[in-house]
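Chain by chain, the residues:
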Amino acid sequence: MPRLGVNIDHVATVRQARRGIEPEPVFAAFLAQAAGADAIVAHLREDRRHIQDRDLFLLKETLQVKFNLEMSVADEIVAIACRLQPHQATLVPEKRQELTTEGGLDIVKHFKKIKSTVGRLKGSGIEVSLFIDPQREQIRAAKKTGCSIIELHTGAYAASMDARRQKGLLKEIEGAASYAHEIGLSVYAGHGLNYSNTAQVARIKPIEELNIGHAIISRAILVGIERAVREMKALVV
Ligand code: PXP
């Protein structure tokens, strides 16, 4: 059974909609931890669209489970990671206009920069994971950077509406996971996983950890709305 990393970015997305103080992502992280999350994941984007620098330092100080910082290879962000000292950093590609992380890192193309970033983070005592598409050439290149973990991008599998194609994409993830495990990498997976497509990925043996955000935060809104309305209703009698 893989461990579960809960990504809390979208709690911060709601807070940033008003630039206010609620909902507090650190509070959400605590509740996730109490509910059994094995890790908390937060992405400090260069555009600071959701998670802010202060969130990270509060999380680092207070969390009792693993803290996994998602980040780009931008020098400013790498410097923050080295000061923050999360247990793990996950390198992802980042584009200004994207709605969420689109595609994995192209390690083959950006090998030099990624390898030097992995070296800087590892040198600072941080374990490094690379978020990549389930392709052998990317896995081989990842291994050569010196990272110890890869996170396989499950987005194409999760978004597929065609059952046959989805099965094929699951097989691809399975093959990539076995290959990465064989060459000595720890294998994680994530992106787009939800309440109907996660169990199939969780059954893939070498996968040790799943990182899930959007589906959990979306469900939290729906399962929590009745109680929230009842509590407000009680105040306005
Ligand atoms: N893993 C990585 C590397 C990601 O970039 C993201 C999105 O921030 C996730 C997992 C979680 O994706 P989702 O929010 O679709 O569950």
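Here the structure is shown first, and the text comes after it.
Note that the coordinates shown come from a computational prediction; the quantities given were computed from them, not determined experimentally.

Of regular secondary structure, the protein chain possesses ten helices and eight strands. On C-alpha atoms alone, the protein chain measures out to a radius of gyration of 18 Å, which is about the 18 Å that the 2.2 N^0.38 rule sets for 237 residues. With respect to the three principal axes, the spread of C-alpha positions in the protein chain is 65 × 45 × 35 Å. Looking at the protein chain residue by residue over its 237 residues, the buried ones come to 46%. Counted over contacts in the protein chain with a minimum sequence separation of 6, partners at least 24 positions apart contribute 64%. Here the protein chain displays about 12,700 Å² of accessible surface, and carbon together with sulfur accounts for 56% of that area. Computed over 33 positive and 28 negative side-chain charges, the inter-centroid distance for the protein chain is 2 Å.

Before going further, it helps to spend a moment on the packing of aromatic side chains. What the rule picks out here adds up to zero aromatic pairs. Cation over ring: Arg-136 sits above Tyr-179, and NZ or CZ is 4.2 Å from the ring centre.

Surveying the vicinity of the ligand reveals 13 residues, the closest of which are Glu-70, Glu-151, Gly-192, Gly-213 and His-214. Note that an oxygen atom of the ligand is positioned 3.4 Å from one of the side-chain N or O atoms of Asn-7. One of the side-chain N or O atoms of Glu-70 is found 2.8 Å from an oxygen atom in the ligand. A total of 400 Å² of accessible area belongs to the ligand in isolation, and the protein chains cover 94% of it. Across the shell around the ligand, the residue classes tally to three nonpolar, seven polar and three charged.

In the contact formed by helix α3 (residues 53-62) and helix α4 (residues 75-84), the axes pass within 11 Å of each other and the chain directions differ by 25 degrees. Classed by the angle they form, the pair α3 and α4 counts as roughly parallel. Considering how the two elements wind past one another, α3 and α4 form a crossing that is right-handed. Together, Asp-53, Leu-56, Phe-57 and Lys-60 of α3 and Ile-80, Arg-83 and Leu-84 of α4 make up the contact between the two elements. Across the contact of α3 with α4, the residue classes break down as four nonpolar, no polar and three charged.

Attention shifts here to a nonpolar patch on the surface. A cluster of nonpolar side chains, contributed by Ile-221, Leu-222, Ile-225 and Val-229, occupies part of the molecular surface with about 400 Å² of accessible area. Turning to its location among the elements, Ile-225 is positioned in helix α10 (residues 214-235). Residue class for Ile-225 comes out partly exposed when judged on its relative accessible area of 47%.

Let us look at the pairing of strand β1 (residues 3-7). For a regular strand, side-chain orientation follows a simple rule: the groups alternate between the two sheet faces. Bridge count for β1 against strand β8 (residues 207-212) is four bridges, and the pairing is parallel. Bridge pairing links Leu-4 to Leu-210 in β8. Relative to strand β2 (residues 39-43), β1 runs parallel, the two sharing three bridges. Opposite Gly-5, over in β2, you have Ala-39 as the bridge partner.

Right, let's get into the pattern of salt bridges. It is possible for side chains bearing opposite charge to pair when their charged atoms get close. Taken as a whole and judged by the stated rule, the model has 15 salt bridges. A salt bridge links Asp-53 to Arg-48; its shortest N-O distance comes to 2.7 Å. Glu-76 serves as the salt-bridge partner of Arg-48, at 2.6 Å between the closest nitrogen and oxygen. Here the residue Arg-48 occupies a position in the loop between β2 and α3, and Glu-76 occupies one in helix α4, the gap between them amounting to 28 residues. Assessed through its relative accessible area of 18%, Arg-48 is described here as buried. According to the relative accessible area criterion, Glu-76 is partly exposed, its value standing at 44%.

A covalent bond bridging the sulfur atoms of two cysteines is what the word disulfide describes. This structure, assessed with the given rule, holds zero disulfides. Here Cys-82 stays free of any disulfide, with the sulfur of Cys-147 as its closest cysteine sulfur at 16 Å. Judged by relative accessible area, which is 23%, Cys-82 ranks as partly exposed. Exposure remark for Cys-147: the relative accessible area of 6% places this residue in the buried category.

What counts, and where the lines are drawn
Residues numbered from 1 in each chain as written. Predicted model: local features only at pLDDT ≥ 70, side-chain atom pairs only at ≥ 80, totals over all residues. Heavy atoms only, no water. Helix = DSSP H or I, 4+ residues; strand = E, 2+ residues; numbered from the N terminus. Rg over C-alpha atoms; globule rule 2.2 N^0.38 Å. Buried < 20%, exposed > 50% of the residue type's maximum accessible area, 1.4 Å probe, protein only. Contact = heavy atoms within 4.5 Å. Areas by Shrake-Rupley, 256 points an atom, 1.4 Å probe, with all protein chains shown as cover. Lys, Arg positive; Asp, Glu negative; His and termini not counted. Charge placed at Lys NZ, Arg CZ, Asp CG, Glu CD. Phe/Tyr/Trp six-rings, centres within 6.5 Å; stacked < 30°, edge-to-face > 60°. Lys NZ or Arg CZ within 6 Å of the ring centre and 35° of its normal. Near = heavy atom within 4 Å. Polar contact = N/O pair within 3.5 Å; in protein donor to acceptor, adjacent residues only side chain to side chain. Nonpolar A, V, L, I, M, F, W, Y, C, P; charged D, E, K, R; others polar. Axes fitted to C-alpha atoms, helices over the stretch in contact; angles between N-to-C directions. Parallel < 35°, antiparallel > 145°, perpendicular 65-115°, else oblique. Left-handed = near helix turned anticlockwise from the far one by under 90°. Patch = residues over 30% accessible without salt bridge, like charges linked within 9 Å, V, L, I, M, F, W, Y side chains within 5 Å. Salt bridge = Lys/Arg side-chain N within 4 Å of Asp/Glu carboxyl O. Pairing = 2+ DSSP bridges. Disulfide = S-S within 2.5 Å.

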